[in-house]
Amino acid sequence: MRVRDGDGGGEVTAPPQHLVFAYYITGHGFGHATRALEVVRHLVAAGHDVHVVTAAPEFVFTTEITSPSLHIRKVLLDCGAVQADALTVDRLASLEKYHQTAVVPRDFILKTEAEWLNSIKADLVVSDVVPVVCRAAADAGIRSVCLTNFSWDFIYAEYVVAAGHYHRSIVWQIAEDYSHCEFLLRLPGFCPMPAFRDVIDVPLVVRRLHRSRSEVRKELGIADNVKLVIFNFGGQSAGWELKKEWLPDGWLCLVCGASNTQELPPNFIKLAKDAYTPDLMAASDCMLGKIGYGTVSEALAYKLPFVFVRRDYFNEEPFLRNMLEHYQCGIEMIRRDLLTGHWKPYLQRAITLQPCYDGPINGGEVAAHILQDTAVGKKYISGKLSGARRLRDAIVLGYQLQRAPGRDVGIPDWYSLSEKEISVRPTPTSHDMNGSAESSFEDFEILHGDMQGLTDTMSFLKSLSGLVGNDLRSPEKQTRERAAASVLFDWEEEIYVARAPGRLDVMGGIADYSGSLVLQMPIREACHVAVQRSDPTKQKQWKHTQARQLANGGAVPVLQIVSFGSELSNRAPTFDMDLSDFMDGDKPISYDKAKEYFSRDPSQKWAAYVAGTIFVLMTELGVRFTDSMNILVSSSVPEGKGVSSSASVEVASMSAIAAAYGLNIAPRDLALLCQKVENRVVGAPCGVMDQMTSACGEANKLLAMVCQPAEVKELVSIPTHIRFWGLDSGIRHSVGGTDYGSVRVGTYMGRKMIKCDASDLLSELLPSCTSMQSGDSNPDEYEEHGVDLLKSEAAMEYLCNLPPHRYEAVYAKDIPETITGDVFLEKYGDHNDAVTEVDRKRSYCVKAPTRHPIYENSRVEAFKALLTASKTDEQLSALGELMFQCHYSYNACGLGSDGTDRLVNLVQEIRHRKTSRTFGASLFGAKITGGGSGGSVCVIGKNCLKSSEEILEIQKRYKAATGYLPIVFEGSSPGAGKFGYLKIRRRSALPSN
């Protein structure tokens, strides 16, 4: 029989028996509760009992469903993402709260929930998308199904990288819990969710409308012809002071989530806490808010233009944003413009959109049918993602998937579609070159410089050529970054182009900041930056930039930046600022203020790597920029792979700016300035080897540099029989991450302890020296202690100047394994590192981080010497052994990862298997690179066909084990200094002879 919902909803076929559903809803946000409401409503209408387990307010359900079959149980079994405010997620707090909410009481939760599920005689458990209940259901012998567009293992994966790997087990446990689920009902706009075995796609789940547009407006007393925007930040009280002049003349704004005490201007209308948002959205002309499943799905369903502001670190957002923009329903507002009230250009642009979503919106009804059938025993096997796809390797299939579209079957169908349809990667790489490249880049006259046959530079000029005459009104869909870049340059004027490669850390790595010798290879992948100066009164500006300038009283020098590739990560594609923001009177602001300036909006923090070069030039060289500046950044150096994507951006940006302004900066000096950008403006405590390699490196040579602070010893040619590869683990690396910083702190603590010990020994020795000079002491004793040696060690600036034998003989026994920050500060005062701080409450590993650079410097010196030895397998074996030792020393510091260990182990397996012993090995060693904690490994082997085949074998075996196909970095290219710069101008703009 059929049971119809009395309020006019869809129909659900009721099975012969009455069913009981337990529906668990995550503690994060209203969107989960509102979409669950629609599914629950259909199940109740079909005559079933539904027990909703939630921390959401009861009115969300009871105002829509008045039935004794609905049961609300107020329990919190997870916490979602902890938000500091409506736009900011606190990553560390999120992990710590989840630990306290779901990990510490885990055994109690499993026992309690299994008993409760059996007590209500549940036929099926539904989770949106609480991990632990999938395991509890399995323990109770009850099937479970998840319904969601994202899973918490994916969301938390990136948090673990930023907040510290001591929370990594959370991600493992969540993925394992999800694997007990029968299948996933996957909603549109979904993220990668590899923990689920089987997947069924369902339409958008949206709440139904109760009243028409005219009915809502009549009730509110708003005429049909009045423009109306709804201010909706997910039910959270933002507490912002809203001002009348922020709206265009004649507009009104409905404010959701306003506090009872908040006073609003007359053109802003405060809504009740339990106001029914779908009706209000359908009655509005556009919406201003943050992206979440609820707001996006209902904006699409009711064709409401959505002006959105990015949230920090909520990783479902790029996928929902792509869907929103694909259906011409979204415009991004810069957070600064939201907070300062520059709303008008965005709202006026929004009402010109024509949203075109035409897909089904009956996901609630469809999901209810499937859940009902599953509860009575029907088997749903989709076949799309068959087999257990679990996150055994922590973050391998996490946040990185959106940065490598089309590479693997793990990429969701929707994301691949959006890449194809809206050109997620508009900038071709050197592998994408075709026969039309020559004619395309010949649209430009090269007035200075030489492309040096680099195909990626040809591709970059081709992409610039494609922007000339680009019609923004074309019906063809475009990315926002391409649209913004199309109006960035005056094609009649000169443009300056610089190129800087990433780097592969062959040896040295984190020992750079301790003064080690390092060996670095510039890779083929590089960043290109194009810069154009312009008169502030003639600069082509984006509409919101113009609006801000008009509001501030006229033309001033403005910086506008477009970054290609932003669609692959959750960051804004554009950035703009008044260059006067860098000034305090007639002097530049402090480094601390500059760092704070870029930290306000994490979605735009990337701009610190580019705009920070301008600030450093102002601060360190006294340069004053009176012109406006337009910058386009296009990098093929992938982020988070441990191959110095940030250094390549900094070096290319500063090189192009220096060329445009006629600044003659030597490559070494430029690298040191770029290190200041990363240390002082971005706030990442890196050494200088990345910037030095990007600036000073040469193709097919290893840059041998002593980092004291940056002395290039020589450029070592890579022997023709040796080859290096980089293999990406898929685990995101960040030198700004907690583990890298804490290891650096531990290293500097160790140096301080050694210096203090040397001073103490010297103090004890000096009286005996005086006695010796009086003839009362044994000269051998004086020789043994070595006053001069102790003096140099007491004043030691770089830890790598201490030889391993000296460390073991005198100091190793006194260096503790760990020490807390407060104990260290109490005894030693400070660790004397300008770019890190000691956290009093934290425990730091000291012995391993102190030992590592001392021994690493010795290993690198041996490695460099061996490169010129005889071409034998023994030579390669010795080189490989040094790399293996380096890898395990990283691990001892706490900078390893499961993915990089797996890759190194695969190299070892191939190196030692029987066929290699019989026919000779071709791969000899491997090590984690750069700052560690993920990223890439460097592999050394013979330059032969067999080694390439074995690298391919490693890729395949890694993918079979983890689901992720590693990117391979091979080949080399010149550094920025060797490349120089190009000065180009469009040919049609050149004067005729």
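Each value, and the rule that gives it
- Residues numbered from 1 in each chain as written.
- Predicted model: local features only at pLDDT ≥ 70, side-chain atom pairs only at ≥ 80, totals over all residues.
- Heavy atoms only, no water.
- Axes fitted to C-alpha atoms, helices over the stretch in contact; angles between N-to-C directions.
- Helix = DSSP H or I, 4+ residues; strand = E, 2+ residues; numbered from the N terminus.
- Parallel < 35°, antiparallel > 145°, perpendicular 65-115°, else oblique.
- Left-handed = near helix turned anticlockwise from the far one by under 90°.
- Contact = heavy atoms within 4.5 Å.
- Nonpolar A, V, L, I, M, F, W, Y, C, P; charged D, E, K, R; others polar.
- Buried < 20%, exposed > 50% of the residue type's maximum accessible area, 1.4 Å probe, protein only.
- Arc of directions from axis to C-beta.
- Phe/Tyr/Trp six-rings, centres within 6.5 Å; stacked < 30°, edge-to-face > 60°.
- Lys NZ or Arg CZ within 6 Å of the ring centre and 35° of its normal.
- Pairing = 2+ DSSP bridges.
- Salt bridge = Lys/Arg side-chain N within 4 Å of Asp/Glu carboxyl O.
- Core = buried A, V, L, I, M, F, W, Y, C linked by side-chain atoms within 4.5 Å.
- Domains from an automatic or database assignment.

- An unreviewed UniProt entry lists the protein under the name L-arabinokinase, from Miscanthus lutarioriparius.

### Quick word on the packing of helix H30 (residues 847-866) against helix H31 (residues 873-893)
1) Next: At their nearest, the axes of H30 and H31 sit 10 Å apart, and the two run at 165° to each other. By the angle class used here, H30 and H31 are roughly antiparallel. Seen along the crossing, H30 lies across H31 with a hand that is left-handed. Facing H30, whose interface residues are Ala848, Pro849, His852, Glu856, Arg859, Ala862, Phe863 and Leu866, H31 presents Gln875, Ala878, Leu879, Leu882, Met883, Gln885, Cys886, Ser889, Tyr890, Ala892 and Cys893.
2) Next: Residues that form the contact of H30 with H31 fall into these classes: 13 nonpolar, four polar and two charged.

### Concerning helix H28 (residues 804-811)
1) Next: The set of residues buried in H28 consists of Pro804, Arg806, Tyr807, Val810 and Tyr811. Mapping the buried residues of H28 onto a view down its axis gives an arc of 160°, with all of them on the same face. Exposed residues on H28 whose side chains face more than 90 degrees from its buried face are His805 and Ala809.

### Some details on the packing of aromatic side chains
1) Next: Counted by the stated rule, this structure contains 26 aromatic pairs.
2) Next: Ring centres of tyrosine 156 and tyrosine 159 lie 5.8 Å apart, and the angle between their planes is 50°; this geometry places the pair in the tilted category. Highlighted residues: tyrosine 156 and tyrosine 159, both in helix H6 (residues 152-163), separated by three residues, approximately one helical turn.
3) Next: Seen in terms of ring centroids, tyrosine 597 and phenylalanine 598 are 5.3 Å apart; in terms of plane orientation they differ by 80°. Their pairing is edge-to-face.
4) Next: Under the relative-accessibility criterion, tyrosine 597 is labelled buried at 11%.
5) Next: Above the plane of the ring of phenylalanine 190 lies arginine 186, whose end atom (NZ or CZ) is 3.8 Å from the centre.
6) Next: The ring of tyrosine 276 carries the charged tip of arginine 207 above its face, separated from the ring centre by 5.6 Å.

### Some remarks on the pairing of strand S13 (residues 252-255)
1) Next: Residue alternation in S13 divides its side chains into two sets, Leu252 and Leu254 and Cys253 and Val255, and both sets are buried.
2) Next: Summarising the sheet, strand S12 (residues 228-232) and S13 pair through four bridges and their orientation is parallel. If you follow phenylalanine 231 over to S13, its bridge partner there is valine 255.
3) Next: Where S13 and strand S14 (residues 268-270) come together, three bridges link them in parallel fashion. Bridged to leucine 254 within S14 is isoleucine 269.

### Notes on unusual backbone geometry
1) Next: Backbone torsion omega between aspartate 128 and valine 129 reads -15°, so that peptide bond is classified as cis.
2) Next: Among the secondary structure elements, valine 129 is positioned in the loop between strand S8 (124-128) and helix H5 (132-139).
3) Next: Backbone geometry at asparagine 700 places phi at a positive 60°, although glycine is not the residue there.
4) Next: Along the chain, asparagine 700 falls in the loop between helix H24 (689-696) and strand S26 (701-706).

### A short note on the environment of asparagine 905
1) Next: Note that asparagine 905 resides in helix H32 (residues 898-912).
2) Next: A relative accessible area of 33% means that asparagine 905 is categorised as partly exposed.
3) Next: Between the C-alpha atoms of asparagine 905 and phenylalanine 884, which are 21 residues apart in sequence, the distance is 9.8 Å.

### A short note on the sheet that holds strand S10 (residues 183-186)
1) Next: Read across the open sheet, the seven strands follow the order S5-S4-S3-S8-S9-S10-S11; overall the sheet is parallel. Edge positions in the sheet fall to strand S5 (70-74) and strand S11 (199-201), since each has one partner strand and no second. The average undirected angle you get between the axes of adjacent strands in this sheet is 20°.
2) Next: When strand S9 (residues 144-148) meets S10, the two strands line up parallel, connected through four bridges. Across the sheet, the residue bridging to cysteine 146 is leucine 184, located in S10.
3) Next: Sitting on the sheet, helix H1 (residues 30-45) is in contact with strand S3 (20-25), strand S4 (49-54), S5, S8 and S9, with an inclination near 175° to S3.
4) Next: Each of S3, S4, S5 and S8 touches helix H4 (residues 106-119); the most contacted strand, S3, lies at about 150° to it.

### Examining the side chain of serine 69
1) Next: Here serine 69 lies in the loop between helix H2 (59-62) and S5.
2) Next: Given a relative accessible area of 15%, serine 69 falls into the buried group.
3) Next: Residues contacting serine 69, with those up to four places away along its chain left out, are Val44, His48, Asp49 and Val50.

### Notes on the pattern of salt bridges
1) Next: For the structure shown, the criterion picks out 40 salt bridges.
2) Next: The shortest N-O distance in the salt bridge between glutamate 182 and arginine 143 comes to 2.9 Å. Linking glutamate 182 in the loop between helix H7 (168-178) and S10 with arginine 143 in the loop between H5 and S9, this pair joins segments that are 39 residues apart in sequence.
3) Next: Taking relative accessible area as the criterion, glutamate 182 reaches 23% and is therefore assigned partly exposed.
4) Next: Close ionic contact of arginine 987 with glutamate 445 constitutes a salt bridge, the shortest N to O distance being 2.6 Å. Note that arginine 987 is positioned in the segment after strand S34 (982-986) and glutamate 445 in strand S18 (residues 444-448), a separation of 542 residues in sequence.

### Considerations on the packing of H4 against H5
Any two packed helices are characterised by the angle at which their axes cross and by the distance between the axes.
1) Next: Two elements in contact, H4 and H5, have axes whose closest approach is 8 Å; the angle formed by their N-to-C orientations is 55°. Classed by the angle they form, the pair H4 and H5 counts as oblique. Note that H4 runs across H5; the crossing there is right-handed. Contacts from Arg106, Ile109, Leu110, Glu113, Ala114 and Leu117 of H4 reach H5 at Val132, Arg135, Ala136, Ala137 and Asp139.
2) Next: Tallied by class, the residues present in the contact of H4 with H5 amount to seven nonpolar, no polar and four charged.

### Examining the nonpolar core
1) Next: Counting 65 residues, the largest nonpolar core has Phe21, Tyr23, Leu185, Leu300 and Leu371 as the members making the most contacts within it.
2) Next: Sort the elements by how many residues they give to this core and H1 lands first, with seven residues.
3) Next: When residues of this core are assigned to domains, at least three map to each of domain 1 (20-201) and domain 2 (213-360).
4) Next: Setting aside residues no more than four positions away along its own chain, phenylalanine 21 makes contact with Leu43, His48, Asp49, Val50, His51, Leu124, Val126, Leu371, Gln372 and Ala375.
5) Next: Among the nonpolar cores identified, the runner-up in size contains 64 residues, and Met577, Val623, Cys707 and Ala976 belong to it.

### Here's the deal with the sheet that holds strand S17 (residues 330-332)
1) Next: Read across the sheet, six strands follow the order S14-S13-S12-S15-S16-S17 without closing on themselves; strand pairing throughout is parallel. What marks the edges here is a single partner per strand, and that holds for S14 and S17. Ignoring strand direction, the axes of neighbouring strands in this sheet form an average angle of 25°.
2) Next: The sheet contact formed by S12 and strand S15 (residues 286-290) spans four bridges and is parallel. For phenylalanine 231, the partnering residue across the bridge sits in S15 and is leucine 288.

### Let's talk about the environment of threonine 88
1) Next: Structurally, threonine 88 can be placed in strand S7 (residues 88-89).
2) Next: Accessibility expressed as a relative area gives 19% for threonine 88, which makes it buried.
3) Next: Ignoring anything within four residues of it in the chain, the contact list for threonine 88 reads Val82, Gln83, Asp312 and Arg335.

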